[in-house]
Amino acid sequence: MPHPNDPSLRSFIEVDPSSDFPIQNLPYGVFSTAANPTPRVGVAIGNYVLDLWELEQDSRLDVGPLGVFSGASLNPFMALGPKVWAKTRARISELLRHDHPELRDNEELRKQALVPMGEAKLHLPFAVSGYTDFYSSKEHATNVGVMFRGKDNALQPNWLHMPIAYNGRASTVVVSGTKVKRPRGQLKPPNVDLPSFAPCKRLDFELEMGAVIGQPSPMGGMLGEQQAEEMIFGFVLLNDWSARDIQQWEYVPLGPFLAKAFATSISPWVVTHEALEPFRLKGPQQEPVPLDYLKQSKPQNYDVELDVSLRAAGANAPASISRTNFKYMYWSSVQQLMHHASSGCAMNVGDLLGSGTISGPEKNQRGSLLEISWNGSEPVELPGGTKRSFLEDGDSLVMRGWCQGNGYRIGFGEVEGTILPAE
């Protein structure tokens, strides 16, 4: 049987070459419909959602205990482990192939199992057990350091030795399309003596990828490279919204807290680790060489093109404001996971690891408005003469990501959020 990543594979479902969801992708998500409002697990294929619960009930998919795909999260399926993930993806690929009649020629089953994407409501794809946000783009960390500490002291002494992170809030991880209320908090500009409590005035986005952990690790243990790699089920697009003015006052000495706790948006489709395999590449040269527990024996970065567009409040169309690539990350997702567990921290099914803001070496590759507007000193010019230093009420932000293959692309869909006024 051909491997699901084979670029020559075709589905009996027509898929445009520019679609994010060819047969080589098969990302997992959770959806419902007006006709059947119960959330269940599906896979994206072209402009359709393949209902895996329908296939499971019809004995076309056997992943173990019946009902793995009948629930509102991917966690039960992820808990079954990498061998089941690979076997299931191969079976779904077989069912969707143009030369395989089992689903193609079964009109009744097709009607039940293939849902037009436009009729599907997409939900948070997995139950988020814990959320950790890293700070792993050297370009982003350098830009921020130059802004606030000067060029000679841009990177903190520890940054080149380990992936820096903080523990975020799983409770406010939301799916794309969820509106985000402007956060409130303590504000203290440098020119005033005492703080005030008010809505954030410097609201920002952070362009990230999120690694979805599909296997647990025990408290007290450590992870090797192979173990860590096999624990990552897949990836989502991630926008870690940031209240820069709240953060500026609260982050000393313990780091971000409420400035990052109000919302984190993720895309509804989880692109599997296996689907990204053809786009694996080596990351930036790490100097100094990492300590032994962080060393990698093979490439662990991915060639994922990323685009951010902003539609200002009242505007008719969005404008692209950033175009970068996941390949620039200094610390890989595997290194982040190895470091996370290295103290003995237990990892759980459904943990989410944010990559940290992804910025590239060029000005148009910056992954936050803080960098794009250089802390507000260089506002972004949008169509119609509108300018933005930070996000305003009514603004809508969309992030997209994809790997470009030969005649097909492995895409993540999008993660969108619109800013509502503070209450």
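Residues numbered from 1 in each chain as written. Predicted model: local features only at pLDDT ≥ 70, side-chain atom pairs only at ≥ 80, totals over all residues. Heavy atoms only, no water.

By the naming in an unreviewed UniProt entry, the protein is fumarylacetoacetase, taken from Bradyrhizobium frederickii. If you open the UniProt record of the protein and go to Pathway (unreviewed entry), you find "Amino-acid degradation; L-phenylalanine degradation; acetoacetate and fumarate from L-phenylalanine: step 6/6." (UniProt positions renumbered as here; feature names shortened; annotations may be inferred.)

Q: Describe the overall build of the protein, and please don't skip the residues or the numbers.
A: A count of helical and extended segments in the protein gives ten helices and 26 strands. Taken against the 2.2 N^0.38 rule, which gives 22 Å for 423 residues, the C-alpha radius of gyration of the protein at 22 Å falls within 12% of a compact globule. With respect to the three principal axes, the spread of C-alpha positions in the protein is 70 × 55 × 35 Å. Looking at the protein as a whole, 54% of its 423 residues are labelled buried. Counting contacts in the protein only where the partners sit at least 6 residues apart, residues at least 24 apart contribute 72% of the total. Here the protein displays about 18100 Å² of accessible surface, and carbon together with sulfur accounts for 52% of that area. Separation between the mean location of the 38 positive side-chain charges and that of the 47 negative ones in the protein comes to 3 Å. (Helix = DSSP H or I, 4+ residues; strand = E, 2+ residues; numbered from the N terminus. Rg over C-alpha atoms; globule rule 2.2 N^0.38 Å. Buried < 20%, exposed > 50% of the residue type's maximum accessible area, 1.4 Å probe, protein only. Contact = heavy atoms within 4.5 Å. Areas by Shrake-Rupley, 256 points an atom, 1.4 Å probe, with all protein chains shown as cover. Lys, Arg positive; Asp, Glu negative; His and termini not counted. Charge placed at Lys NZ, Arg CZ, Asp CG, Glu CD.)

Q: Talk me through the packing of aromatic side chains; I want residue IDs and the actual numbers.
A: Under the definition given, this model contains ten aromatic pairs. Summarising the aromatic geometry, the rings of Tyr28 and Phe77 are spaced 5.2 Å apart at their centres and angled 40 degrees between planes, so their arrangement reads as tilted. Placement of the pair is Tyr28 in strand S1 (residues 28-32) and Phe77 in helix H2 (residues 75-78), with a sequence separation of 49 residues. Since its relative accessible area comes to 1%, Tyr28 is described here as buried. (Phe/Tyr/Trp six-rings, centres within 6.5 Å; stacked < 30°, edge-to-face > 60°.)

Q: I'd love a proper account of the UniProt feature "domain: Fumarylacetoacetase-like C-terminal" (unreviewed entry) in the protein, names of residues and values included.
A: The sites that carry the UniProt feature "domain: Fumarylacetoacetase-like C-terminal" (unreviewed entry) are, in the present numbering, residues 131-418. Between the C-alpha atoms that bound residues 131-418 there is a distance of 22 Å. The span itself is 14% helix and 31% strand.

Q: Go over the sheet that holds strand S5 (residues 121-123) with me, naming the residues and quoting the values.
A: Spatially, five strands are ordered S4-S3-S2-S1-S5 in an open sheet, and the strand pairing comes out antiparallel. Edge positions in the sheet fall to strand S4 (114-116) and S5, since each has one partner strand and no second. Between one strand axis and the next, the sheet turns through 50 degrees on average, direction left out of account. Of the strand pairs in this sheet, strand S3 (residues 48-51) and S4 are connected by three bridges, and their pairing is antiparallel. Pairing of Val49 across the sheet is with Val115, part of S4. Its contacts with the sheet put helix H3 (residues 82-96) on S1, strand S2 (40-45) and S3, and the angle it makes with S1 is roughly 65 degrees. (Pairing = 2+ DSSP bridges. Axes fitted to C-alpha atoms, helices over the stretch in contact; angles between N-to-C directions.)

Q: Give a detailed account of the nonpolar core, specifying residues and quantitative values.
A: Among the nonpolar cores identified, the biggest contains 57 residues, and Phe205, Met209, Phe235, Ile321, Phe326, Leu337 and Leu397 are the most heavily contacted of them. The contact partners of Ile321, leaving out residues within four places of it in the chain, are Phe205, Val308, Ser309, Leu310, Asn364, Leu369, Ile372, Val380, Leu382 and Leu397. (Core = buried A, V, L, I, M, F, W, Y, C linked by side-chain atoms within 4.5 Å.)

Q: Outline the pattern of salt bridges, listing residues and values.
A: Here the structure, examined in full by the defined rule, presents 26 salt bridges. In this structure, Asp133 and Lys260 form a salt bridge, with 3.7 Å as the shortest nitrogen-oxygen distance. Taken together, the residues span a long stretch of sequence, with Asp133 in strand S6 (residues 131-134) and Lys260 in the loop between helix H8 (244-250) and strand S16 (264-266) at a distance of 127 residues. The same class applies to Asp133 and to Lys260, which are both buried. A cluster of three or more residues bridged by salt bridges with shared partners is formed by Asp133, Asp204, Glu206, Asp240, Arg244 and Lys260. (Salt bridge = Lys/Arg side-chain N within 4 Å of Asp/Glu carboxyl O.)

Q: With reference to specific residues and values, describe the domain arrangement of the protein.
A: Accessible area lost when the parts come together is the quantity often used to give the size of an interface. Under the domain assignment used here, the protein contains domain 1 (28-123) and domain 2 (130-420). For domain 1 versus domain 2, the separation of C-alpha centres amounts to 30 Å. Counting residues at the interface gives 20 residues for domain 1 and 17 residues for domain 2. For the interface between domain 1 and domain 2, the tally reads one salt bridge. For Arg89, the salt bridge identified is with Glu274, shortest N-O distance 2.9 Å. Connecting domain 1 to domain 2 are four residue pairs in polar contact (both at pLDDT 80 or more). Elements that contribute at least two residues to the side of domain 1 that touches domain 2 include exactly S1, S2, H2, H3 and S5. (Domains from an automatic or database assignment. Polar contact = N/O pair within 3.5 Å; in protein donor to acceptor, adjacent residues only side chain to side chain.)

Q: Summarise the pairing of strand S14 (residues 232-239); cite the residues concerned and give the values.
A: Counting buried positions along S14 yields eight of eight residues, so the element is predominantly enclosed. Pairing between strand S13 (residues 207-213) and S14: seven bridges, direction antiparallel. Considered in S14, the bridge of Leu207 is made with Asn239. As paired elements, S14 and strand S17 (residues 271-272) share two bridges and run antiparallel to each other. Bridge pairing links Phe235 to Val271 in S17. For S14 and S16, the ladder comprises two bridges, and the chain directions are antiparallel. Paired with Asn239 across the strands is Ser265, a residue of S16.

Q: Give me the lowdown on unusual backbone geometry, citing residues and values where you can.
A: Cis geometry is found at the peptide bond from Val252 to Pro253, where omega equals 5 degrees. Residue Glu287 is joined to Pro288 through a cis peptide bond whose omega torsion reads 5 degrees. Relative to the helices and strands, Pro288 resides in the loop between strand S18 (280-281) and strand S19 (301-302). Phi at Leu26 takes a positive value of approximately 60 degrees, unusual for a residue other than glycine.

Q: Report on the pairing of strand S26 (residues 409-420), specifying residues and quantitative values.
A: In terms of burial, S26 is a largely internal element, ten of the twelve residues being buried. Sheet topology places strand S9 (residues 180-181) next to S26; two bridges connect them, and they run parallel. What sits directly across from Lys181, in S26, is Leu420. Here strand S25 (residues 396-404) runs beside S26; their pairing, made up of eight bridges, is antiparallel. When the bridges of S26 are listed, Val398 appears paired with Glu416. The loop that links S25 with its antiparallel partner S26 comprises four residues; one of these, Gly407, has a positive phi angle of about 85 degrees.

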